Amino acid sequence: MSLFRRKKFNAFDAQIARQGRLFVLPWLIGFLLFFLKPIIELFYYAFHRVEMKVNGGLEFTPLGFKNFHAALFEDTKFNRYLSEAFMAALPKLLLVLIFALIVAILLNGKYPGRAIARAVFFIPIIMASKSISTVVGGMQSQMIQDASAGSEGQLTFLISFLSRFLDAGTLNYLLKSVSSIFETILLSGVQTLIFLSGLQSISTAHYEVARIEGATSYETFWRVTIPMISPMILIAAVYTLAEHFMTVQLVEYMNKIAFSNSNYGLSAAMSVMYFILSLLLISVVSWIISRRVYYND
């Protein structure tokens, strides 16, 4: 039997493949029309000095890798912003995924007033624009500062108590997670919807079999729920990382260099490096998670 024999698809498999291509087609058309040309221009700008002509248009002077060298070894902020963006990526990913999964499980439960609970959670996320987030986030920071000022002794005692059981890195991560709870809620809306759709698609037969076999709730969660929603975990992880890399301070800094300082070549070089590194990290995380993904056929 040949190891390279082509797999035979039945009519149902062909229909699923055709539907998959049709589902991807709108994104592919949008990418070719609106994203491919800017990406090519970005790489072209990165190797040139871009200047505005007096009579309009752009003038390109080849520089080779000088823009990349300037970004890495001459600019005083790029490396710091870049390291901060990548050091915060994985902790934020873990925090958002865990929070979104917990909320999705709570919202998926069968209890009176479930629709109201979902509305209470999702309406602020849907309505949260940039201005509203800034105002409410500032109010939250002020409330935290007021609470800290009024209970400084209790907080000091709590931190000293937790330090007996947790190392400094874990304790610092826990404190940062608590202080950024509002941001975590705003970042978890789409992920919660993804997990909620995955939980609702799990057949009750799986839970009935686990209950017949005598599995505990803990075992059912890890042996049934997590494997069945593992494709959703992969989607949510990619979305969370992509959203994180679009909202870090480095993005604002590169925009400032391009449009305030009119240094388009240097900004393009920074963007190229940032694009490649972020894409690499997303690919590595996706590969690691995909090794544990279970697809229920």
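Parameters at a glance
Residues numbered from 1 in each chain as written. Predicted model: local features only at pLDDT ≥ 70, side-chain atom pairs only at ≥ 80, totals over all residues. Heavy atoms only, no water. Helix = DSSP H or I, 4+ residues; strand = E, 2+ residues; numbered from the N terminus. Buried < 20%, exposed > 50% of the residue type's maximum accessible area, 1.4 Å probe, protein only. Contact = heavy atoms within 4.5 Å. Areas by Shrake-Rupley, 256 points an atom, 1.4 Å probe, with all protein chains shown as cover. Pairing = 2+ DSSP bridges. Salt bridge = Lys/Arg side-chain N within 4 Å of Asp/Glu carboxyl O. 1 Å grid on protein atoms, 1.4 Å probe; cavity = no way out; pocket = protein on both sides within 12 Å on 5 of 7 lines; lining within 4 Å. Points joined across faces, edges and corners; volume = space filled by probe spheres on them. Nonpolar A, V, L, I, M, F, W, Y, C, P; charged D, E, K, R; others polar. Expected span 1.5 Å × (residues − 1). Core = buried A, V, L, I, M, F, W, Y, C linked by side-chain atoms within 4.5 Å.

### Structural notes on the overall build of the protein
And then number 1: Of regular secondary structure, the protein possesses 15 helices and two strands.
And then number 2: Relative to its 297 residues, the protein shows a buried fraction of 27%.
And then number 3: Restricting the contact set of the protein to residue pairs at least 6 apart, pairs at least 24 apart contribute 69%.
And then number 4: Carbon and sulfur atoms form 67% of the exposed surface of the protein, whose accessible area is close to 20,500 Å².

### Quick word on the side chain of Ser271
And then number 1: With respect to the element layout, Ser271 can be found in helix H15 (residues 264-290).
And then number 2: Relative accessible area serves as the criterion here: at 17%, Ser271 is assigned to the buried category.
And then number 3: Residues within four places of Ser271 in sequence aside, it is in contact with Leu42 and Met254.

### Points about unusual backbone geometry
And then number 1: Not every positive phi belongs to a glycine, and Ser262 is a case in point at roughly 60 degrees.
And then number 2: The residue Ser262 is located in the loop between helix H14 (249-260) and H15 in this model.
And then number 3: Look at Ser262 and you get partly exposed, because its relative accessible area is 42%.

### Observations regarding the pairing of strand S2 (residues 58-62)
And then number 1: Bridge count between strand S1 (residues 48-52) and S2: five bridges; the pairing is antiparallel. Looking at S2, one finds that Met52 is bridged to Leu58.
And then number 2: Hairpin connection, S1 to S2: the antiparallel pair is bridged by five residues, and Gly56 has positive phi, about 100 degrees.

### Some words on the pattern of salt bridges
And then number 1: Following the criterion strictly, the structure yields two salt bridges and no others.
And then number 2: Glu41 serves as the salt-bridge partner of Lys37, at 2.5 Å between the closest nitrogen and oxygen. With Lys37 and Glu41 both in helix H1 (residues 11-46) and four residues apart, the pair spans about one turn of that helix.
And then number 3: Relative accessible area serves as the criterion here: at 54%, Lys37 is assigned to the exposed category.
And then number 4: Note that Glu84 is salt-bridged to Arg80, the shortest N-O span being 3.7 Å. Within this pair, Glu84 and its partner Arg80 are both found in helix H3 (residues 78-87), separated by four residues, close to a single helical turn.
And then number 5: Here Glu84 falls in the partly exposed class, since its relative accessible area comes to 39%.

### Here's the deal with empty space enclosed by the protein
And then number 1: Enumeration according to the criterion identifies one cavity of 30 Å³ or more in this entry.
And then number 2: Considering only enclosed or pocket space, the largest cavity measures out at about 40 Å³ in volume.
And then number 3: In this structure, the largest cavity is lined by Lys92, Val96, Leu187, Gln191, Thr240, Glu243, His244 and Thr247.
And then number 4: Put simply, the parts of the chain that give the lining of the largest cavity at least two residues each are helix H4 (89-108) and helix H13 (230-246).
And then number 5: Element by element, the count of residues in the lining of the largest cavity is highest for H13, at three residues.
And then number 6: Within the lining of the largest cavity, the residues separate by chemical class into two nonpolar, four polar and two charged.

### What about H13?
Residues lying three or four places apart along an α-helix face the same way, a consequence of the helix completing one turn every 3.6 residues.
And then number 1: Compared with the 24 Å implied by 1.5 Å per residue over 17 residues, the 25 Å span of H13 between its first and last C-alpha is a close match.
And then number 2: Close packing links the buried residues of H13 with H3, H4, helix H10 (189-200), helix H12 (217-228), H14 and H15.

### Observations concerning the nonpolar core
And then number 1: If you look at the biggest cluster of nonpolar residues, it comprises 45 residues, and the most contacted ones within it are Phe195, Ile229, Leu250, Met270 and Tyr274.
And then number 2: The set of elements that each furnish at least two residues to this core consists of helix H2 (66-74), H3, H4, H10, H12, H13, H14 and H15.
And then number 3: Among the elements that take part in this core, H15 stands out by supplying ten residues, more than any other.
And then number 4: With residues near it in sequence (within four places) discarded, Met270 still touches Ala71, Asp75, Phe78, Tyr253, Met254 and Ile257.

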